[in-house]
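For reference, the chains in residue letters:
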Amino acid sequence: MLYEHAIRRDEAAIVSTGALTAETGRHTGRSPKDKFFVKEPTSQGAIWWHPGNQPISSTSFEGLLKRMDEFCASHDVYTQDVYACADPRYRLHVRVITELAWHSLFARNLFIRPTADDLLGFEPDFTVVALPSVNADPQHDGTRSETFILVNLGRRMVIIGGTEYAGEIKKSIFTVLNYLLPARGVFPMHCSANVGAGASEVTLFFGLSGTGKTTLSADPDRRLIGDDEHGWSDTGVFNFEGGCYAKTIRIRKESEPEIFAAVESFGTILENVAYDPRTRVPDYDSEEKTENTRAAYPVDLIPNAILSGTCGHPSNVIFLSADAFGVLPPVSRLDDEQIRHYFLSGYTAKVAGTERGVTEPEPIFSTCFAAPFLVLPPDTYADMLIERVNQRHAQVWMLNTGWVGGPYGVGQRMSIAHTRSIVRAVVKGELRDMPTHVDPVFGLRIPDMVPDVPAEVLDPRRTWPDQTAYDRQARSLRGMFEENVQNIGKTSSSSG
Ligand code: ATP
Ligand code: MN
């Protein structure tokens, strides 16, 4: 039905695969600089105020909310009642009110779908209103631009205007959960999760955008819990969502068969994917509209997904970084101090082509791999991670899914096949007792051998043609880490 509404209202089109495809216009990604927390008595003492978490007044919020009410009174809007949090103990009832029919389908795909019975007497705990046609007036409304994402923790509302990027809807509830759950003893995490055969071995994959959370968690040998947002409670890990939001740029059926099949399904929403206007065949290689092309689909489109969205405690935790400088080892094992350091750093790197004018690698540090979604100070989350890892004797690893054999432009991106071999060795426990050697610059312990991965790939210094150039670049990156860790919260964080 929502397909039909979206088509009739000229919001979207259908491509040859059966997917619904929409364009998001001016905003093809999130707008972290336009996100504000309403300064209100119930939350203002707890919020980690820093340039990435800006306050806005209740007066501004009420003014914009009034405009949203007026819009809803004079236009047809869509309501979708859904849940966040697969563990029934923490279930959040979320009402999503949208101007666009396809946004309503997005909310249905990404959140947890209640049964028809569950909908009787559904009372929302939180309401998200997303009306792209309502634009703010920065002079009058106290926003930065026409675009706004206002989180009001006291009123239990999020209002979103001036952007059609659907990812704002799911990430605003993730932000809310980063506030609500720590007080209830649950660690909210920006990570994917999957489970080995026999449901015993759980692995978490933390990482910023584009580092491989979605890609690596879809694995034919393992069962998917979720690709982006989870909680870690006293009984184990649970998904916040009921769907996935995969990147489709240059996707290959051979290296990502499960995701590819989901992307090409009825019910899936494509965002900003180019397609032939006549044949309607999608072109995943085109970055004509953006590099950040996406597909939003319910998690049940991944074969083998665990539909309850819950599992036990992790035995392995993996930090993913796509190091475009090409100096971090493809896999290393972290000790306690390194766990805190690399978690608080939340490192990846951006490369040319992702944003205009970027011609060389640029580091991105986003604390806890989640700066734009953290509500409380970063140490709160780091402490929860360390405590749980120690309690459960989980092993923590750092994987470089970025460049090897030199920096971006010289080396090449680590192959997905090699990264998958490393993940396989980690989850099978093959690296637990593997002898390691320590790299001299970062002090990281690199396993001497990983099955199915050539030994020279494991040691980045040996893959660089010029070893003094490697040393220089590695020391420079270490310096960036040190400088960043001292400044967490003092400058505005990058958009991860
Ligand atoms: P987001 O938070 O934005 O959803 P993500 O961490 O889920 O990001 P993915 O969607 O998994 O990121 O994106 C990883 C991208 O990098 C994919 O397009 C994948 O094809 C590509 N890629 C290339 N080489 C590798 C590798 N060695 N490991 C993982 N992904 C790789
Ligand atoms: Mn993802």
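Conventions and cut-offs
- Residues numbered from 1 in each chain as written.
- Chains lettered and ligands numbered in written order.
- Predicted model: local features only at pLDDT ≥ 70, side-chain atom pairs only at ≥ 80, totals over all residues.
- Heavy atoms only, no water.
- Axes fitted to C-alpha atoms, helices over the stretch in contact; angles between N-to-C directions.
- Helix = DSSP H or I, 4+ residues; strand = E, 2+ residues; numbered from the N terminus.
- Left-handed = near helix turned anticlockwise from the far one by under 90°.
- Contact = heavy atoms within 4.5 Å.
- Nonpolar A, V, L, I, M, F, W, Y, C, P; charged D, E, K, R; others polar.
- Core = buried A, V, L, I, M, F, W, Y, C linked by side-chain atoms within 4.5 Å.
- Buried < 20%, exposed > 50% of the residue type's maximum accessible area, 1.4 Å probe, protein only.
- Phe/Tyr/Trp six-rings, centres within 6.5 Å; stacked < 30°, edge-to-face > 60°.
- Lys NZ or Arg CZ within 6 Å of the ring centre and 35° of its normal.
- Pairing = 2+ DSSP bridges.
- Salt bridge = Lys/Arg side-chain N within 4 Å of Asp/Glu carboxyl O.

**Quick notes on the packing of helix 9 (residues 336–345) against helix 10 (residues 378–392)**
Two elements in contact, helix 9 and helix 10, have axes separated by 10 Å at closest approach and are oriented at 145°. The chirality of how helix 9 crosses helix 10 is right-handed. Contact with helix 9, carried on its side by Asp336, Ile339, Arg340, Phe343 and Leu344, involves Pro378, Asp379, Tyr381, Ala382, Asp383, Leu385, Ile386, Val389 and Asn390 of helix 10 and no other residues of that element. In terms of residue class, the contact of helix 9 with helix 10 is built from nine nonpolar, one polar and four charged.

**Let's talk about the nonpolar core**
One finds Phe206, Phe319, Phe343 and Phe442 to be the most contacted residues of the largest nonpolar core, which totals 109 residues. Among the elements that line this core, the one with the most residues is helix 6 (residues 167–180), at seven residues. Those residues in contact with Phe206 that lie beyond four places of it in its chain are Phe187, Met189, His190, Cys191, Lys213, Val317, Ile318, Phe319, Leu320, Phe343, Phe369 and Leu385. Core analysis: the second largest hydrophobic core is formed by 21 residues, Leu399, Val423, Leu431 and Val453 among them.

**What to know about the packing of aromatic side chains**
Applying the stated criterion across every chain yields a total of 23 aromatic pairs. The rings of Tyr90, Phe174, Phe238, Phe240 and Phe373 are connected pair by pair, giving a single aromatic cluster. Here Arg91 stacks its cationic end above the ring of Tyr83, 4.3 Å away from the centre of that ring.

**A closer look at the pairing of strand 22 (residues 314–321)**
Among the eight residues in strand 22, eight count as buried, and that is most of the element. Here six bridges tie strand 12 (residues 202–207) to strand 22, and the two strands are oriented parallel to one another. What sits directly across from Val202, in strand 22, is Pro314. Here strand 22 runs beside strand 26 (residues 395–400); their pairing, made up of six bridges, is parallel.

**Observations regarding helix 9**
Restricting attention to buried positions, one finds in helix 9 the residues Gln338, Ile339, Tyr342, Phe343, Leu344 and Ser345. A positive backbone phi angle near 55° is found at Gly346, which sits one or two residues after helix 9.

**Side note on the sheet that holds strand 1 (residues 12–14)**
Read from one edge of the open sheet, five strands run 1-2-17-20-16, paired in mixed fashion. Two strands in the sheet have a free side with no partner beyond their single neighbour: strand 1 and strand 16 (243–247). Each strand axis lies, on average, 25° off the axis of its neighbour in the sheet, ignoring direction. Helix 3 (residues 101–110) contacts strand 2 (20–22), strand 16, strand 17 (269–271) and strand 20 (294–298) of the sheet and is inclined by roughly 115° relative to strand 17.

**Structural notes on the pattern of salt bridges**
Counted according to the given criterion, the structure contains 25 salt bridges. Two residues, Asp81 and Arg95, come together in a salt bridge whose shortest N-O distance is 2.8 Å. Highlighted residues: Asp81 in strand 5 (residues 78–84) and Arg95 in strand 6 (residues 92–98), separated in sequence by 14 residues. Given a relative accessible area of 23%, Arg95 falls into the partly exposed group. Ionic pairing is found between Lys428 and Glu430, a salt bridge with its closest N-O pair at 3.8 Å. Within the structure, one salt-bridge network assembled from shared partners comprises Lys170, Lys171, Asp228, Glu229 and Glu241.

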